[in-house]
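# Examination of the molecular architecture
Below are the chains, spelled out letter by letter.
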Amino acid sequence: MSDVRRGAVAVTVLLGAALGAAAPGATAPAQPAVIAETATAVATPASTVPAGVEDPQRAWQNWTLNCQGCHRLDGSGSDSTAPGIARTVAKFLWVPGGREYLVRVPGVATSPLSDAELAEVMNWMLWRFDREHLPAAFAPFTAAEVGRLRTRPLRLEASQMRSDLLSKAEGLASP
Ligand code: HEC
């Protein structure tokens, strides 16, 4: 059995155990959602691993520990923490300056992750939350690019830049 398959089976067993353990009639416990998310990442066959992501499991973990507190596990965000990125985040790549913006936002630029880990999370995030809007010519972020961009974190100008870029992108058809 390949490692990927073994991982998927292990997760399936875990998931079954977690679901089985829930009291009858209990509302959906938080834990299985997290495990199901892991299952998706673990069970991703090598051929569909997103470009620029060496280890989807590690990317998911880094997202969970460093990003989801504001962006939520499903990228939906909230009014008080962060804008939703699900089904919009890759659109920034359609317009000049958007690629740089994605790395220079404070939550990304000042994250404790290393340049390589951050590049991997960015590539994973774009694929996980908005793969339908990824430009066909998208070149994955590299550690070197992320390292360069994050030395100039945005501050208060981030939200104005965000709305300018997004309104330009919304005016375009998918490239
Ligand atoms: C403290 C809350 C917080 C954390 C933690 C955080 N972000 Fe954000 N993020 C925001 C906010 C708020 C914005 C909107 C831009 C701004 O005003 O900074 C944003 C914007 C973004 C954007 C630009 C897309 C858009 O719609 O504006 C990306 C990409 C992003 N974050 C990814 C991440 C990643 C990856 C991590 C983890 C390494 C992370 N963020 C951690 C709050 C956070």
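For the structure given in this document, a descriptive report is provided here. Keep in mind the model is a prediction, meaning the values are calculated, not measured.

Now for the site of the ligand. Around the ligand there are 23 residues in total, and Cys67, Cys70, Ala82, Gly107 and Ala158 lie nearest to it. Going through the elements one at a time, helix H4 (68–71), helix H6 (106–109), helix H7 (115–130) and helix H9 (158–170) are the ones with two or more residues in the shell around the ligand. Class assignment of the residues belonging to the shell around the ligand gives a composition of 15 nonpolar, 7 polar and 1 charged.

Further remarks concern the nonpolar core. If you look at the biggest cluster of nonpolar residues, it comprises 30 residues, and the most contacted ones within it are Val121, Met122, Trp124 and Met125. When residues of this core are traced back to their parent elements, those giving at least two are helix H3 (56–66), helix H5 (98–104), H7 and helix H8 (143–149). No other element matches the 9 residues that H7 contributes to this core. Residues in contact with methionine 125, not counting those within four places in the same chain, are Trp63 and Val89.

Below, the discussion takes up the environment of proline 135. Within the secondary structure, proline 135 sits in the loop between H7 and H8. Of the residues examined, proline 135 has 13 C-beta atoms within 10 Å and is grouped as partly exposed. For the pair proline 135 and leucine 93, spaced 42 residues apart in the sequence, the C-alpha separation amounts to 7.2 Å.

Cut-offs and rules
- Residues numbered from 1 in each chain as written.
- Predicted model: local features only at pLDDT ≥ 70, side-chain atom pairs only at ≥ 80, totals over all residues.
- Near = placed C-beta within 6 Å.
- Helix = DSSP H or I, 4+ residues; strand = E, 2+ residues; numbered from the N terminus.
- Nonpolar A, V, L, I, M, F, W, Y, C, P; charged D, E, K, R; others polar.
- Core = buried A, V, L, I, M, F, W, Y, C linked by C-beta atoms within 7 Å.
- Buried ≥ 20, exposed ≤ 12 C-beta atoms within 10 Å, placed from the backbone.
- Contact = placed C-beta atoms within 7 Å.

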